[in-house]
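Residues per chain, in single letters:
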Protein chains: 2
Amino acid sequence: MSAQEALFEPRVVASRVREASRIVSTLPSAIKNAVLLDLAGRLDSSAGALMAANGEDMEAARAEGLPEAKLRRLELTAAGIGQMSEGLRQVAALPDPVGVVTRDDVVASGLRVQKVRCPLGVVMMIYEARPGVTVDAFALCLKAGNACLLKGGREAARSNAALAELLRASLESHGAPADSVALVTTSDRERMRELLQLADLIDLVIPRGGRGLIDFVRTNSAIPTVQHDAGVCHAFVHASADLDVSERVCVSAKTSSPATCNTLECVLIDRDIAPAFVPRLLQAYAAAGVEVRGDDAVRAHAGGLSVTPASEADWGTEYLDLIVAVRVVDGLEGACAHIHRYGSNHTDVILAQDEGTIEAFLARVQSSCVLANASPRFNDGFQLGLGAEIGISTTRLHAYGAMGLEELTTQRYVVRGSGQTR
Amino acid sequence: MSAQEALFEPRVVASRVREASRIVSTLPSAIKNAVLLDLAGRLDSSAGALMAANGEDMEAARAEGLPEAKLRRLELTAAGIGQMSEGLRQVAALPDPVGVVTRDDVVASGLRVQKVRCPLGVVMMIYEARPGVTVDAFALCLKAGNACLLKGGREAARSNAALAELLRASLESHGAPADSVALVTTSDRERMRELLQLADLIDLVIPRGGRGLIDFVRTNSAIPTVQHDAGVCHAFVHASADLDVSERVCVSAKTSSPATCNTLECVLIDRDIAPAFVPRLLQAYAAAGVEVRGDDAVRAHAGGLSVTPASEADWGTEYLDLIVAVRVVDGLEGACAHIHRYGSNHTDVILAQDEGTIEAFLARVQSSCVLANASPRFNDGFQLGLGAEIGISTTRLHAYGAMGLEELTTQRYVVRGSGQTR
């Protein structure tokens, strides 16, 4: 355990953030935006120092033999820092969700009843190597009036410490409490369990990372969590589908960025169209270097192309790789039954031209995002017009699907009367 | 353990309800409403049989020495049954929240992006003696497109079994799955823990009852919960308050129904107004038979009236009885500091005529319901115009404050494109 870790007492740190959250919750938009813009400037002017701190993390990580994919996520480049500061300017430009009135009625008793958006309080984000999350999560939490506890990965400790100094300096330079954010670094599971029990001090936990992290949080947290879980995304190609569009969606949704949660993992092909569509899809996947795992019906139409026989384990698998499962199903019923059984409530797509079938699919498949004739890649906060994204929730409580600023708030009742009693 | 309890296997029961929830989620409003109206008719025509079953529960409960307050909650009277069927007719008349479009935009890529209300899936309600909750909870869950698991109290087992038969008959008579509702009765904590681990089958748990029940659920549940917790409601009487209004609110909010969660538990009096208001408030409480626990400043103005010295334990206590804590505070700052420290995020009131002070209080005190110049009694789903209420949440996630039909739904993204990829 490093000296830095030894200094961190979960209840003490969380109490300070809790106290600050009282002030953050009523900070005027102008101050929140000034802090974000100030921070953007500090990031730009401190890029050298940040890259130096990150260099030490990278060196240690290489010495520990961290895999290449993790190293890439850990690295802070000049371009990456530029993206962070640009992101801060974008969040500053978004409308402030706090104080927005979503209902305003006078009820029978004469009371004026409003529902008003308010911050959640204290949000804890638990993530892994990526230091950019430190800045993103802070910006979204602050803009939504929340204080935040950021639990970053041990690998990024030096990068995050350098970033945290900038965050605190930006807060203080505009008279906002520096304790609006606390960065903690620990790899000690007991400490983590302690943190996850502080339901009196922390309102929401968002774990962002691999299955192991999410399961650990789910099992050990007494604090409500919103989970960004696996994306087992399906595309159903209906008999009425435009085959050019279908091929384009099915290929690009796999190949353009295979390791992200909105990647297509399974294509369901309507039996009526299988003879026409299976061969061209297989050809397109072969050309793109994608391994296909198909059921018997798919393999019957393979016409010499290589198809790995799919086993039961292939349905419902998130490959996050250049592998795709392909299955022939009996129409809309077959597609819905497959998705209900194996889907993960993330993103599911129908490719079809028949309006009735499209509407039936969009109504029956109740994943957090269902799309007709578009790539699952569009399940993304920016693409859906949220202006920002802190994750994609696959649990139905609080927020379902892409989470932006609004989803980092709640609503309370504000009631004005003239002496009513009952 | 009774024969009935031995038949209940948590995963088997929950799986059946899960399966039914697929159908319930897309039931047309007309069918849901027909089931509710049918059930209202069955309740009316089966009142005799229901009271007979309830009579057996009452007899057993008396033999076990259940306290009088619990017996009153357990009892089903003809009037109570009439209220249940009237409640069902009201829920049938409410607008269906499912399918309501809350956002409808065309974004830059040309995609049409909608946010659409959808059911949560399977809701589990855990409650105690009151059999009326069985009907209320079923009605609200069904109307919001959810299947439900109802875990009633052991004391009400016979009453609930009789009610469950009617629920299932009403569902079946309109072609809806009888498994849309399952009633389970167990007092076995191991079984309860098993149920609370079924996060893959149940989407939300709502515990409704005493502190022991809520703590048990909070500690043992892997399923998201919305808690209806203690109501430590405050009223702050500001120097600018109308003293007639203040007295009326402070007295009726304690005496009209002392054991409910929206009862006033603590009056905070601005120091500037204490000499004028304390004596008349104490007099009014004495006349109403309310015991006052006051701090030194209150007792200094008691003028011979009896005031129990308040101890630290009195601040933040939910008495649910004819006892009230009264404290003198230094203006708005003092009131906010007290409420932040001792409040329960339920309901807090300001009595004042100064607009600036009112607005500052309503902004700074972020309880689920804050009221100006009205009784905390109005924090109630019906009074706030929700048409129904399944509880009052004191946690900020998902729903904060009074929960009606909308709060039993979530929202998902429905996106229509024309072949977009990225």
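Residues numbered from 1 in each chain as written. Chains lettered and ligands numbered in written order. Predicted model: local features only at pLDDT ≥ 70, side-chain atom pairs only at ≥ 80, totals over all residues.

**Student:** Any chance you could break down the interface of chain B and chain A for me, citing the residues and the numbers?
**Tutor:** Taken together, the contacts link 61 residues of chain B with 61 residues of chain A. Looking at the side of chain B that touches chain A, the elements that each hand over two or more residues are strand 2 (112-119), helix 11 (243-255), helix 15 (355-364), strand 13 (369-374), strand 15 (401-403) and strand 16 (409-420) of chain B. Here the side of chain B that touches chain A takes eleven residues from strand 16 of chain B, the largest share from any one element. Considering only residue class, the side of chain B that touches chain A consists of 25 nonpolar, 24 polar and twelve charged. Of the pairings in the sheet, the one linking strand 16 (residues 409-420) of chain A to strand 13 of chain B comprises five bridges and is parallel in character. Across the sheet, residue Val 415 of chain A finds its bridge partner in strand 13 of chain B, namely Leu 371 of chain B. (Contact = placed C-beta atoms within 7 Å. Helix = DSSP H or I, 4+ residues; strand = E, 2+ residues; numbered from the N terminus. Nonpolar A, V, L, I, M, F, W, Y, C, P; charged D, E, K, R; others polar. Pairing = 2+ DSSP bridges.)

**Student:** Requested: an account of helix 7 (residues 132-143) of chain B, with residues and values cited.
**Tutor:** Since there are 3.6 residues in each turn of an α-helix, residues three or four apart along the chain are aligned in direction. Residue and element names in this part refer to chain B. Taking 1.5 Å per residue, twelve residues should reach 16 Å; helix 7 reaches 17 Å between its end C-alpha atoms and fits that length. Extensive coverage of helix 7 is indicated by the burial of eleven of its twelve residues. Within the sequence span of helix 7, burial applies to Val 133, Thr 134, Val 135, Asp 136, Ala 137, Phe 138, Ala 139, Leu 140, Cys 141, Leu 142 and Lys 143. Phi for Gly 145, located one or two positions after helix 7, is positive at around 80°. (Expected span 1.5 Å × (residues − 1). Buried ≥ 20, exposed ≤ 12 C-beta atoms within 10 Å, placed from the backbone.)

**Student:** Describe the pairing of strand 6 (residues 204-207) of chain B, with residues and values.
**Tutor:** Residue and element names in this part refer to chain B. With burial as the criterion, each face of strand 6 is covered, one bearing Leu 204 and Ile 206 and the other bearing Val 205 and Pro 207. When strand 3 (residues 122-126) meets strand 6, the two strands line up parallel, connected through four bridges. Across the sheet, Met 125 pairs through a bridge with Ile 206, a residue of strand 6.

**Student:** Account for the domain arrangement of chain A, naming residues and giving values.
**Tutor:** Residue and element names in this part refer to chain A. Here chain A is partitioned into domain 1 (3-229 + 399-416) and domain 2 (233-383). Between the C-alpha centres of domain 1 and domain 2 there is a distance of 35 Å. For the side of domain 1 that touches domain 2, the per-class residue count stands at two nonpolar, two polar and one charged. (Domains from an automatic or database assignment.)

**Student:** Explain the sheet that holds strand 10 (residues 308-309) of chain B to me, and be specific about the residues and the numbers.
**Tutor:** The strand order across the open sheet built from ten strands is 1(A)-2(A)-16(A)-13(B)-12(B)-7(B)-8(B)-11(B)-9(B)-10(B), with neighbouring strands paired in mixed fashion. Lying at the two open borders of the sheet, with one neighbouring strand each, are strand 1 (101-106) of chain A together with strand 10 of chain B. Helix-sheet contacts for helix 12 (residues 274-287) of chain B involve strand 7 (233-237), strand 8 (264-270), strand 9 (291-294) and strand 11 (323-329) of chain B, and the interaxial angle to strand 8 of chain B is about 155°. Across the sheet, helix 15 of chain B touches strand 16 of chain A together with strand 7, strand 12 (347-351) and strand 13 of chain B, and the angle it forms with strand 13 of chain B is around 160°. (Axes fitted to C-alpha atoms, helices over the stretch in contact; angles between N-to-C directions.)

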